[in-house]
Amino acid sequence: MSLLNLSERMVETCSKVGNTYNAYGDQVFGVITPNLACLYRPMTTLQPAQNAEQVTIEGTFWLKPTDGWERGDIILFEGVYYRIDRIITARRRLVDNSIQFLKAEVYRTRQVS
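Residues numbered from 1 in each chain as written. Predicted model: local features only at pLDDT ≥ 70, side-chain atom pairs only at ≥ 80, totals over all residues. Heavy atoms only, no water.

1. Points about the side chain of Thr60
- Looking at the secondary structure, you find Thr60 in strand E3 (residues 52-63).
- Discounting residues that sit within four places of it in the chain, Thr60 has contacts with Leu39, Tyr40, Arg41, Met43, Lys103, Ala104 and Val106. (Helix = DSSP H or I, 4+ residues; strand = E, 2+ residues; numbered from the N terminus. Contact = heavy atoms within 4.5 Å.)

In structure tokens, the structure reads:
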């Protein structure tokens, strides 16, 4: 039963950027893990704010759960840096409860160093 298997559809590649903080509290990007399978869909979700609109997410990535993604991780995709804001797990709950893929809502971030 492979209704939730997206591995064949993850035809794009992204990189996971490790980040640390220096003595001054600035974020420093470090080790980059390249060529991780993903599927990206750009979408902008606007939420009404006081006298304006606020961008809540700028895209969605579908990622493999074996790559160790967490909230706050940085994704480098086609020269643009994205920070994971929320991760949703897709499971086959009635069969074996294993995680099939991750859906990550992201927003753009800039490279600090």
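2. Focus on the pattern of salt bridges
- Tallied over the entire structure, the rule returns four salt bridges.
- Two residues, Lys16 and Asp73, come together in a salt bridge whose shortest N-O distance is 3.6 Å. Taken together, the residues Lys16 in strand E1 (residues 12-21) and Asp73 in the loop between E3 and strand E4 (74-77) connect sequence positions 57 residues apart.
- In this structure, Arg86 and Glu105 form a salt bridge, with 3.6 Å as the shortest nitrogen-oxygen distance. Placement of the pair is Arg86 in strand E5 (residues 80-91) and Glu105 in strand E6 (residues 99-109), with a sequence separation of 19 residues.
- On the basis of relative accessibility, which here comes to 17%, the residue Glu105 falls in the buried class. (Salt bridge = Lys/Arg side-chain N within 4 Å of Asp/Glu carboxyl O. Buried < 20%, exposed > 50% of the residue type's maximum accessible area, 1.4 Å probe, protein only.)

3. With respect to unusual backbone geometry
- Residue Glu78 is not a glycine yet carries a positive backbone phi of 50 degrees.
- Positive phi is not limited to glycine here, since Asn97 has a value of about 60 degrees.
- Mapping Asn97 onto the fold places it in the loop between E5 and E6.
- Since its relative accessible area comes to 39%, Asn97 is described here as partly exposed.

By themselves, these are just geometric observations and shouldn't be taken as functional.
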